[in-house]
Amino acid sequence: MKSVSGIFYKRILGLGGIGFLMFSCLAAGCGGQASVYRSADIAMGTVVNQTVYTTGEDETGHILTLIKDLEKEELSWREADSEVGMINGIQWEDDGVLESGAPRSVEISRELYEELERLWRISEDSGGAFDFTLGRLTRLWNIDAQASGEAPVRIPDEEEIAEALEKCGFEKVSLEEGRLVLEEEVLLDLGAAGKGIACDRIGAYLRGTEVSGAVVSVGGSVVTYGKKPDGSPWQIGITDPRTGEDLLGTLSLTGEWYISTSGGYERCVESEGIWYHHILDPENGYPARSGLTSVTVVCGSGLVSDALSTACFVLGREEGEKLAARYGAETVFVDDEGNLYLSHGLKDIFTPAAK
Ligand code: FAD
Ligand code: MG
């Protein structure tokens with residue numbers, strides 16, 4: 001058994017998922033108006049890359065704080081004091097974390113309430129392929145920690161998986177008048193939507209600033225905003241899942257778009273010749289095997305693009321395309337053989353990488 005932490009670290013270095021290509025000229029040299037600010041930091045367990053053009057102050061610090069606050073105060077399932085931490089009922093013991101998971105009804109913020117409503121609907125529309133209540137299952141697999149080398153590789157047995165699955169299921173939670181009501185033992189895991197939610201918050205923040213153009217990636221989720229000073233589109237790279245490094249091609253986008261990629265090549269471990277990745281099929285509790293190696297979703301919402309990329313990865317191409325179409329989202333599917341499938345709206349803005 002071995003842990004393939006290299007893949008995790010490549011991701012931390014910003015090579016995994018999708019990335020934007022920074023070959024724009026310095027704004028100050030293109031009209032003398034906006035200045036460009038760039039930064040690379042860590043938040044939400046991944047790399048945050050920013051390129052921001054503005055005539056006002058440097059906004060990169062504010063944007064990073066916004067992401068970190070969202071993680072710490074609302075979304076993190078690792079922080080006892082975050083809303084999700086409190087919903088999960090995290091209690092700290094001397095020897096680590098204990099999650100109580102008793103039946104509960106928790107008053108939550110308006111923002112989280114609205115986000116969970118939307119996630120509930122995507123869970124339902126995807127037939128449960130996306131499910132934000134997989135906390136018991138994701139903790140059992142613990143793939144993130146195994147892939148980074150923090151925990152030894154251990155593949156759970158069928159009994160453990162069945163037991164964890166009994167404590168998962170979006171239909172076991174409901175939203176009622178500002179409160180989230182959870183059945184016993186259910187734990188939230190917003191790992192499949194949190195970075196997209198962060199991108200939504202960034203988009204909303206940018207609209208109130210003097211920023212004329214920005215592209216920010218939070219791991220596999222990206223927001224593009226406005227335009228570059230020379231008017232040329234943002235170039236968003238789609239990573240080749242076979243290497244996790246090279247690009248299959250780029251999407252040219254102008255204005256506000258949200259792009260998320262889910263890949264089976266991210267955060268994975270090998271045991272006895274079998275690879276296990278972090279996107280789980282709630283139907284059987286095992287890493288999803290739908291014939292795909294990556295799915296990219298482009299639409300007008302970060303939450304939707306992130307949740308749909310996970311859902312589509314689990315569902316496979318045919319069902320995934322139908323689901324994305326319901327949400328008016330565009331997609332790039334890459335299958336096990338390396339074939340690339342673009343939805344209609346992306347065909348004219350995709351440029352394949354030179355071979
Ligand atoms: P996605 O496909 O978008 O999401 C996959 C993740 O969602 C899985 O890792 C699992 O957590 C969950 N999931 C698996 N299957 C499903 C499914 N069918 N439906 C719904 N959800 C599913 N990583 C660290 O290493 N350390 C950290 O401290 C850390 N903190 C984080 C804090 C926040 C607020 C967020 C949003 C992420 C954090 N992460 C951290 C990363 C996180 O653990 C996931 O690995 C990451 O969000 C996966 O994103 P993705 O885009 O690669 O895959
Ligand atoms: Mg996702």
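For every chain, the first residue of the written sequence is number 1, and numbering continues from 1 onward in sequence order. Chains and ligands are labelled sequentially in the order written, the chains with letters from A and the ligands with numbers from 1. Only residues with pLDDT of 70 or above have their local features reported here, since the model is predicted, and side-chain atom pairs are shown and tallied only from 80 upward, although totals for entire chains, interfaces and linings are computed over all residues. Only hydrogens and water are removed before side-chain values are computed, so all heavy atoms of the structure are retained for them.

A.B. asks: Before we go on, may I ask you to explain the nonpolar core in this structure?
C.D. replies: If you look at soluble globular proteins, the nonpolar side chains tend to sit buried side by side. Among the buried residues, those of types Ala, Val, Leu, Ile, Met, Phe, Trp, Tyr and Cys that are joined through side-chain atoms within 4.5 Å form a nonpolar core. Partly exposed describes any residue whose relative accessible area lies between the buried limit of under 20% and the exposed limit of over 50%, with all areas from a 1.4 Å probe on protein chains only and scaled to the type maximum. Ile67, Leu116, Leu119, Phe132 and Ile202 are the most contacted members of the largest nonpolar core, which totals 60 residues. In terms of residue count, helix H9 (residues 302–315) provides more of this core than any other element does, eight residues in total. With near-sequence residues (within four places) excluded, Ile202 lies in contact with Ile63, Leu66, Ile67, Val216, Val218 and Val223. With 16 residues, the next largest nonpolar core counts Ala34, Val215, Leu342 and Phe350 among its residues. The helix count covers DSSP runs of H or I at least four residues long, the strand count covers runs of E at least two residues long, and both are numbered beginning at the N terminus. In what follows, residue pairs with any heavy atoms lying within 4.5 Å of each other are defined as contacts.

A.B. asks: How should the pairing of strand S17 (residues 330–335) be read in this particular structure?
C.D. replies: Both faces of the sheet carry side chains from a regular strand, because those side chains alternate between them. With five of its six residues buried, S17 lies for the most part within the structure. Linkage of S17 to strand S18 (residues 340–342), two consecutive antiparallel strands, is achieved through a turn of four residues, within which Gly338 is found at a positive phi near 90°. Two strands are counted as paired when DSSP detects at least two bridges linking them.

A.B. asks: What should I look at first to understand the sheet that holds S17 in this one?
C.D. replies: In any sheet, the strands associate via hydrogen bonds between backbone groups, in a parallel or an antiparallel arrangement. Taken together, eight strands build an open sheet; the order of strands is S2-S3-S9-S10-S13-S16-S17-S18 and the sheet is antiparallel. Looking along the sheet, the strands with just one partner apiece sit at the ends: strand S2 (35–43) and S18. Across the sheet, the mean angle separating the axes of adjacent strands is 10° when strand polarity is ignored. Where helix H2 (residues 60–75) meets the sheet, it contacts S2, strand S3 (46–54) and strand S9 (211–218), and its direction lies at approximately 25° from that of S2. The axes are straight lines fitted to the C-alpha atoms, using for helices just the contacting stretch, and the angles between their N-to-C directions are given from 0 to 180°.

A.B. asks: How should the sheet that holds strand S8 (residues 179–182) be read in this particular structure?
C.D. replies: In spatial order, the strands read S6-S8-S7; together these three strands make up an open sheet with antiparallel pairing. Sheet topology places strand S6 (104–107) and strand S7 (173–176) at the edges, where each strand pairs with a single neighbour. With strand direction ignored, the average angle separating the axes of adjacent strands in the sheet is 20°. Across the sheet, helix H4 (residues 110–125) touches S7 and S8, and the angle it forms with S7 is around 135°.

A.B. asks: Help me understand the pairing of strand S12 (residues 247–253), please; the structure alone is not making it clear to me.
C.D. replies: Of all seven residues in S12, five are buried, a share of seventy percent or more. In terms of strand pairing, strand S11 (residues 234–239) meets S12 through six bridges, oriented antiparallel. Within S12, the residue paired with Ile238 across the bridge is Gly249. Where S12 lies against strand S19 (residues 350–352), three bridges are found, and the strand directions are antiparallel. Across the sheet, residue Gly249 finds its bridge partner in S19, namely Pro352.

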